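Below, each chain spelled out in residue letters.
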Amino acid sequence: MELEPLYKIKVNCAYCENEFSTSRVRPSLKRAFRTDTDFCGYYREENPDYYVVRICPSCGFASTENSNDRLTDRQRKEFEHNIGNRLVKRDYGGQRSWENALETYKLALLCAQTIGEKERIIASLLHHIAWLYRYREDHEQEQRFLKHALNSYIKVYENEGAGDNDARLMYLIGELNRRTGANNEAVKWFSRVINDKKIMDAAMIRACREQWALLREEMLSKGEELTEEVKG
């Protein structure tokens, strides 16, 4: 018998503390048949990215598994005052369409920005929204959200400094610059990863070399000037 692609998990709401059910895609079905250079995945069955956001049907608070488990008093007041009182409650616990997924991400983004969530989470939500528009080939909205995500990732880099995921973050900043047409900025970020001897992430160094080579070719074919070369 074939397993259903979705299964339910129980989650406690960080705002009202009620327990609710939300759906996830089975780990065995999470393999993408294609992945873009900024990690956007394409799936034959249910898209796991549609189920990242968890929305409490009792109060409407939206979060992800990387969000804080509990809200501070200040965050509670911010949510209640700015969102909670005006929210139409809906249950997103079952199967989600593209439209449902977009609604959940936009609500999660609104909640995250309202309560002052970590910038890394805000950046990821913005990036996921750009992917959703990419699935629909809505180039204008995809570009809009890629630019927002890029600004947010730069804030993460500036505020959090060096960390274990630094190479991946720097690569993403380079790649989103490339995707939004800021080619010379993209070159700078790819070069940083390639030329920094402290970075040991071989996969990200290789990815930066590949994207830098692709960009160099594109720029030379258009007669654009390169501002920075890669050493080594």
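The shown structure was predicted, so the numbers you read here are calculated from the model rather than taken from an experiment.

Engineer: Would you explain the overall build of the protein chain in this entry?
Structural biologist: Counting its secondary structure elements, the protein chain contains seven helices and six strands. When its helices and strands are written in sequence order, the protein chain yields β-β-β-β-β-β-α-α-α-α-α-α-α. In terms of principal-axis extent, the alpha carbons of the protein chain reach across some 55 × 50 × 35 Å. Looking at the protein chain as a whole, 47% of its 232 residues are labelled buried. Looking at the protein chain alone, contacts between residues at least 24 apart form 58% of all its contacts between residues at least 6 apart. Carbon together with sulfur atoms contributes 46% to the accessible area of the protein chain, which is approximately 12,900 Å² in total. Looking at charge distribution, the protein chain has the averaged site of its 37 positive side-chain charges lying 2 Å from that of its 38 negative ones.

Engineer: Can you walk me through the pairing of strand β1 (residues 6–12) in this structure?
Structural biologist: Within a regular strand, the side chains alternate between the two sheet faces. One ladder, built from seven bridges, connects β1 with strand β2 (residues 19–25); its direction is antiparallel. The residue bridging I9 from the neighbouring strand is T22, located in β2. Remark: six residues form the turn of the hairpin made by β1 and β2, two consecutive strands paired antiparallel; E17 in that turn has positive phi of roughly 65°.

Engineer: Sorry if this is basic, but what is going on with the side chain of E46 here?
Structural biologist: The residue E46 is located in the loop between β4 (41–42) and β5 (54–55) in this model. R96 provides the closest opposite charge to the buried, unpaired E46, separated from it by 8.9 Å. Within the local environment of E46, its side chain forms a polar contact with the side chain of Y51, the two groups lying 2.8 Å apart. One polar contact links E46 to Q95, side chain to side chain, over a distance of 2.3 Å. Not counting chain neighbours up to four residues away, the residues in contact with E46 comprise P5, L6, V25, Y51, Q95 and R96.

Engineer: Please clarify how the nonpolar core should be interpreted in this entry.
Structural biologist: The nonpolar side chains of a soluble globular protein tend to be buried with one another. Grouped together as the largest cluster of nonpolar side chains are 66 residues, with contacts concentrated most on F61, L125 and Y153. Put simply, the parts of the chain that give this core at least two residues each are β1, β2, α2 (98–115), α3 (119–135), α4 (139–160), α5 (166–179), α6 (183–195) and α7 (202–221). Considering every element that reaches this core, the biggest residue donor is α2, with 10 residues. Beyond its immediate chain neighbours, meaning those up to four positions away, F61 contacts C13, A14, Y15, R54, I55, C56, L71, F79, C111 and I115.

Engineer: What is the right way to look at the packing of α2 against α3 in this model?
Structural biologist: Two quantities define a packed helix pair, namely the angle between the helix axes and the distance between the axes. Running from amino to carboxyl end, α2 crosses α3 at an angle of 160°, the nearest separation of the two axes being 10 Å. The orientation of α2 with respect to α3, classified from their angle, is roughly antiparallel. As for the relative orientation of α2 and α3, their crossing is left-handed in sense. Each of W98, A101, L102, Y105, K106, A108, L109, A112 and Q113 in α2 lies in contact with α3, whose residues at this interface are I122, L125, L126, H128, I129, L132, Y133 and Y135. Its residues assigned to classes, the contact of α2 with α3 shows 14 nonpolar, two polar and one charged.

The rules behind each value
- Residues numbered from 1 in each chain as written.
- Predicted model: local features only at pLDDT ≥ 70, side-chain atom pairs only at ≥ 80, totals over all residues.
- Heavy atoms only, no water.
- Helix = DSSP H or I, 4+ residues; strand = E, 2+ residues; numbered from the N terminus.
- Buried < 20%, exposed > 50% of the residue type's maximum accessible area, 1.4 Å probe, protein only.
- Contact = heavy atoms within 4.5 Å.
- Areas by Shrake-Rupley, 256 points an atom, 1.4 Å probe, with all protein chains shown as cover.
- Lys, Arg positive; Asp, Glu negative; His and termini not counted.
- Charge placed at Lys NZ, Arg CZ, Asp CG, Glu CD.
- Pairing = 2+ DSSP bridges.
- Salt bridge = Lys/Arg side-chain N within 4 Å of Asp/Glu carboxyl O.
- Polar contact = N/O pair within 3.5 Å; in protein donor to acceptor, adjacent residues only side chain to side chain.
- Core = buried A, V, L, I, M, F, W, Y, C linked by side-chain atoms within 4.5 Å.
- Axes fitted to C-alpha atoms, helices over the stretch in contact; angles between N-to-C directions.
- Parallel < 35°, antiparallel > 145°, perpendicular 65-115°, else oblique.
- Left-handed = near helix turned anticlockwise from the far one by under 90°.
- Nonpolar A, V, L, I, M, F, W, Y, C, P; charged D, E, K, R; others polar.

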